[in-house]
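Chain and residue survey
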Amino acid sequence: MLDDAFGQVTRILADPPSVHPTTAGNPGDPPDGVWRTEQACYEFMAQHCPPGTRTLETGLGVSTALFALWQCDHTCITPSPQEKEHLSAYLESRGIDASSLRIELGLSQFVLPTLNRTPLDLVFIDGCHGFPVPIIDWFYTSQRLRAGGIVVLDNLNAPSVRLGLLDFLQADPRWNLLSHGSWWAAWQRQTSHPLHEDWITQPFLGPLTATWEVTI
Ligand SMILES: C[S@@+](CC[C@H](N)C(=O)[O-])C[C@H]1O[C@@H](n2cnc3c(N)ncnc32)[C@H](O)[C@@H]1O
């Protein structure tokens, strides 16, 4: 079973969906026309996504093809109609059933608050990488994770992704680091507490001080 899931990752990475626009000669363009993360990250998610897993990701790419292949009950958010069209054509041409895939068009920071807050098992945050969008994505998706659910953050090598969020997840004992690579990490939510709690319930961040200390 695990071999199958890992084999599916290898298969999609060998023939990825070219969904991200490229400009001739632009050194910043992704290889094969699609941005991607480390193979180990996809393999980690493969292990936690049996058919019917309730998943949501911000951004679209290789991961979206995999969530469809794994037959997850999946929501993907991207602002790009072209990405949606290219992925749909790719899935159809490869005979991958997309009936459990929903692609919401728009910026995640505006789309996420409008979605029904149904429970989720796994969330993959890999959309806009500029602060504060990753932390907004985390807030609106992770509050829907059931106890035991998993959030995977990509591009933690970017300070704009780490800022605030990494400190918090490392400090809060209700988030348990499960696995990580060079760019990504996965945490398991231990409880289903609300994420909008007041500071008094977050003693793990340290006590109040008499004044705030800052060097200007
Ligand atoms: C790095 S790529 C995603 C790669 C993909 N997760 C994979 O594994 O192949 C980033 C994606 O985020 C999308 N994006 C950019 N800004 C966004 C936003 N504000 N909300 C949602 N998606 C966004 C881009 O259009 C692109 O599809």
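Calculation criteria
Residues numbered from 1 in each chain as written. Predicted model: local features only at pLDDT ≥ 70, side-chain atom pairs only at ≥ 80, totals over all residues. Heavy atoms only, no water. Pairing = 2+ DSSP bridges. Helix = DSSP H or I, 4+ residues; strand = E, 2+ residues; numbered from the N terminus. Near = heavy atom within 4 Å. Polar contact = N/O pair within 3.5 Å; in protein donor to acceptor, adjacent residues only side chain to side chain. Areas by Shrake-Rupley, 256 points an atom, 1.4 Å probe, with all protein chains shown as cover. 1 Å grid on protein atoms, 1.4 Å probe; cavity = no way out; pocket = protein on both sides within 12 Å on 5 of 7 lines; lining within 4 Å. Sits in = over half its atoms within 2 Å of the grid points. Nonpolar A, V, L, I, M, F, W, Y, C, P; charged D, E, K, R; others polar. Axes fitted to C-alpha atoms, helices over the stretch in contact; angles between N-to-C directions. Parallel < 35°, antiparallel > 145°, perpendicular 65-115°, else oblique. Left-handed = near helix turned anticlockwise from the far one by under 90°. Contact = heavy atoms within 4.5 Å. Phe/Tyr/Trp six-rings, centres within 6.5 Å; stacked < 30°, edge-to-face > 60°. Buried < 20%, exposed > 50% of the residue type's maximum accessible area, 1.4 Å probe, protein only. Core = buried A, V, L, I, M, F, W, Y, C linked by side-chain atoms within 4.5 Å.

Under an unreviewed UniProt entry, the name given to the protein chain is Class I SAM-dependent methyltransferase, and the organism recorded is Micromonospora carbonacea.

Below, the discussion takes up the pairing of strand β6 (residues 175-180). In regular strands, side chains alternate between the two faces of the sheet. With 5 bridges joining them, β6 and strand β7 (residues 185-189) adopt antiparallel strand pairing. Across the sheet, residue W175 finds its bridge partner in β7, namely R189. The antiparallel pairing of β6 with β7 creates a hairpin that spans 4 residues between the two strands.

Lining the immediate surroundings of the ligand are 21 residues, of which W35, Y42, V62, E83 and D126 lie closest. With respect to the ligand, the side chain of Y42 contributes an N or O atom lying 2.6 Å from an oxygen atom. Here a nitrogen atom of the ligand and a side-chain polar atom of Q109 are 3.0 Å apart. Considering the ligand on its own, with 600 Å² of exposed area, one finds that the protein chains cover 88% of that surface. When atom positions are compared with the pocket grids, the ligand is found to occupy the largest pocket. Across the shell around the ligand, the residue classes break down as 9 nonpolar, 9 polar and 3 charged.

With that settled, the discussion passes to the sheet that holds β7. With mixed pairing, 7 strands are arranged side by side in an open sheet as β3-β2-β1-β4-β5-β7-β6. The open sheet is flanked by β3 (101-105) and β6, the only strands paired with a single partner. Each adjacent strand pair in this sheet contributes to an overall mean axis angle of 20°, direction not counted. In terms of strand pairing, strand β2 (residues 73-78) meets β3 through 5 bridges, oriented parallel. What sits directly across from T78, in β3, is L105.

Quick look at the packing of helix α3 (residues 62-69) against helix α4 (residues 81-93) now. Close contact between α3 and α4 brings their axes to 11 Å; oriented N to C, the two are set at 45°. With respect to α4, the element α3 is oriented oblique. Seen along the crossing, α3 lies across α4 with a hand that is right-handed. Contacts between α3 and α4 involve T64, A65 and A68 on the former and, on the latter, L87, Y90 and L91.

A few words on the packing of aromatic side chains. Counted under the stated rule, the structure contains 6 aromatic pairs. Between W138 and F168 the ring centres are 5.8 Å apart and the planes differ by 65°, which places this aromatic pair in the edge-to-face class. Taken together, the residues W138 in helix α6 (residues 133-142) and F168 in helix α8 (residues 165-171) connect sequence positions 30 residues apart. The buried category is assigned to W138, whose relative accessible area is 8%. An aromatic cluster is built from W138, F168, W175 and F204, whose rings are joined through pairwise contacts.

Among the nonpolar cores identified, the biggest contains 34 residues, and I12, M45, F67, W70, L87, L91 and V152 are the most heavily contacted of them. Those elements that provide at least two residues to this core are α1 (2-14), α2 (39-47), α3, α4, β3, β4 (120-125) and β5 (145-153). Once you skip the residues sitting within four places of it in the chain, W70 turns out to touch A5, Q8, V9, Y42, M45, A46, C49, P50 and P51. In terms of nonpolar packing, the next biggest core, distinct from the first, is built from 23 residues, I125, V151, L156 and V161 among them.

Okay, the environment of Q202 next. When you line up the elements, Q202 lands in the segment after β7. Given the relative accessible area of 15%, Q202 is considered buried. Residues Q202 and A171 lie 31 residues apart in sequence; the distance between their C-alpha atoms is 9.3 Å. Aside from chain neighbours lying at most four places away, what touches Q202 is F168 and E197.

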